[in-house]
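Observations on the three-dimensional arrangement
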Amino acid sequence: MHEANALVGNVALGAEANPRFVRIAVANAEPAPYGTAAREALTNAGVWQQVKPRLVYGENVRQTLQLAETGNAEVALVALALVATDTVNPRLLIEETRRAPLNQALVVCRHGASQPGDRAFLNLVKSTVGSSVMRRYGFELPGPRIRESLAASTRAHDMSERQIEMLWRCTSCGHKNLGRYGECQNCSNPKDGSEEWEMPGDTSAAPSVTDPELLKLAKAGADWRCAFCGSDQRALDGTCRSCGAKQGDGTSLDRLPPKPLPRTPVPVPVKTGCSIFMTLALVMGGLVALCLGGGVFVATRSPFDDVNATVSAVSWEHRVLVDRWQTMPGEGFAEARPADAFDVKPAGRRVHHEEQVFDHNETEHYTEQVSDGYRTEHYSEEVSDGTRSESYTERVRCGEDCTESPEICSEECTSNKNGFATCRTVCSGGGRSCSPRYCDETRTRQVPTYRTVDRTRKVPKYRGVDRTRQVPVYRSEPRSAPYYTWKTWQWVPNRVVRASGTTTETSWPSEVEVNAGARLGPGEKERVAQAATYSVTFTTHSLFGGSKQFTSAPQSLDQFIACAPGSSHRLRVRDAELLSVDPAP
């Protein structure tokens, strides 16, 4: 197998020569083949000599990526498999023509060939499912085009279909009930929307529903939820068993929006030993670690952190802004006078602009190039001199290599939203996969030959002649225009009335303090507007001592009130920057 195209950071390959990249991380070429591939790609891009003084080396490709993640390098050439699932940092694929492919091998040991688990694992890697997992991390098995064609025509058909019974847990007494029951078999409370159906832990071990009455319930369609008492009812029931409401007044469970999944961390199992019977996920993870695809990656910023904090201080300020409609003086030329200006008075004349007028001519000396005959130039020219025979090697198709792939089947179960689930056995793969075989074949062709012939030609000569010409010279003369004074009515900021505090209990300045509309002249009036500023200081505490403070500016009063002094919150931060604030879980 070999790796797919490599990755590059936030610039195309070759831009690493930019001086802003102070440190560029690559793997050491001695122990790590990805170091050799990185050097080859940079050399083919024509930037190896420019970037060589700025290179920093990792002992392996994993350590090379860590140099970028920790900020010790701006650019890193690493394996595609290391960053295939990274959706945060920018990257770009290196073209395959930039470096030789990094071929990997899968070996079955002599004692493993007879073991069923070893053989099953080998078949899995060679199957369509195994190939898709490998391709996700940047690897291609031999004959990728043939296998992609096979994958496009993969047989995915229902070999069998059966009904199984789901479970639901009563929220009143905790009893786990079979899906056939609409009431708890322990406390008789009816099932409602807070009690979700649960799929059996191992659906393959769940018994098939064979009873005719239960099959009728399973295939009747989704249950409906009573709009009056909230209990779940069968699709075959026309009225609610709990309160007697009609089915048309309720809502089918198929039309209810799905509940959001809880945001809980997924535990990662830790296993030791070297068992051949590890799960597919762990085995594929091991292959990725051993057979990494080549690439480049730029770690631009460290990921964010979620930390617990308490509110240590708050402050607020409410402002009432009072504007007054009043007369304001103005002045200027006629074109600048507003249309609603009044009490317009002339104020004499003033300089309006400068005008350029002709003053005199000046004599200017210049040199002009004029023809001065021709000169003889000698040059060499390549001319055709026949053809010659040339031998070359061409790769031609000379057969094909075929392998048999096993058929892989799995059971997929989907909830019917009525206490039962439909399980189908879906199979894919199987059949024969072939890839073309190529051989080298020696051939001949005629290529043109050339010889050099000395020739001459006439080219023009030029000489410089001094000449004169008259050019105009201009002077600036001021031009005046009538100037005016006037008055206009305008809204003008008059005063700001403030109220502030250091608790979450807030208030606005009173009407008496604002005193809007008082002391107005003829024709004047006032308008008011409100503005608010809130500030919250959070303090985090480390297990190793010390603390950090972050300041937030809530955009609404509700957000501010939710941050009472001493309350606990969950902060999302990156470096010293506060990204978001959520209530403590």
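As for the packing of aromatic side chains
Across all of its chains, the model carries 5 aromatic pairs by this definition. Between Arg350 and the ring centre of Tyr483, over which it is positioned, the NZ or CZ distance is 3.9 Å. Stacked on the ring of Trp325, the Lys or Arg Lys525 has its end atom at 5.7 Å from the ring centre.

A look at the environment of Arg527
Summarising the element assignment, Arg527 is placed in strand S18 (residues 525–541). C-alpha separation for the pair Arg527 and Asp323, spaced 204 residues apart in sequence, amounts to 5.4 Å. Contact partners of Arg527, with chain neighbours within four places excluded, come to Leu321, Val322, Asp323 and Trp491.

Here we look at the state of the cysteines
Tallying each qualifying case throughout the model produces 2 disulfides. Between Cys398 and Cys439 runs a disulfide, and the two sulfur atoms are separated by 1.9 Å. Taking the sign of the torsion about the S-S bond as the criterion, the disulfide between Cys398 and Cys439, at about 65°, is right-handed. In this pair, Cys398 is assigned in strand S16 (residues 342–415) and Cys439 in strand S17 (residues 420–501), connecting sequence segments 41 residues apart. Two residues share a disulfide in this structure: Cys413 and Cys423, whose sulfurs sit 2.1 Å from each other.

Some points on helix H3 (residues 61–69)
Those residues of H3 that fall on the buried side of the exposure criterion are Val61, Thr64, Leu65, Leu67 and Ala68. Seen from one end, H3 has its buried residues packed into an arc of 150°, which puts them on one side. Buried residues in H3 make contact with strand S3 (24–27), helix H1 (33–44), strand S4 (55–58), strand S5 (75–76) and helix H4 (80–83). Regarding H3, its N-cap is Asn60, as a side-chain oxygen of that residue lies 3.2 Å from the backbone nitrogen of Arg62 further along. Downstream of H3 by one or two residues, Gly71 has phi in the positive range, about 85°.

A word on the nonpolar core
By size, the foremost hydrophobic cluster in this structure holds 14 residues, and its most contacted members are Val61, Val78 and Leu82. Sorting the residues of this core by element identifies H1, H3 and H4 as the ones contributing at least two each. If one sorts the elements of this core by residue count, H3 sits on top with 4 residues. Grouped together as the second largest cluster of nonpolar side chains are 13 residues, Val311, Phe550, Cys563 and Val573 included.

A closer look at the pairing of strand S15 (residues 305–333)
Across 6 bridges, the pairing between S15 and strand S20 (residues 568–574) is antiparallel. If you follow Asp305 over to S20, its bridge partner there is Val573. Bridge count between S15 and S18: 16 bridges; the pairing is antiparallel. Within S18, the position partnered with Ala313 by the bridge is Thr537.

Cut-off values and rules
Residues numbered from 1 in each chain as written. Predicted model: local features only at pLDDT ≥ 70, side-chain atom pairs only at ≥ 80, totals over all residues. Heavy atoms only, no water. Phe/Tyr/Trp six-rings, centres within 6.5 Å; stacked < 30°, edge-to-face > 60°. Lys NZ or Arg CZ within 6 Å of the ring centre and 35° of its normal. Helix = DSSP H or I, 4+ residues; strand = E, 2+ residues; numbered from the N terminus. Contact = heavy atoms within 4.5 Å. Disulfide = S-S within 2.5 Å. Buried < 20%, exposed > 50% of the residue type's maximum accessible area, 1.4 Å probe, protein only. Arc of directions from axis to C-beta. Polar contact = N/O pair within 3.5 Å; in protein donor to acceptor, adjacent residues only side chain to side chain. Core = buried A, V, L, I, M, F, W, Y, C linked by side-chain atoms within 4.5 Å. Pairing = 2+ DSSP bridges.

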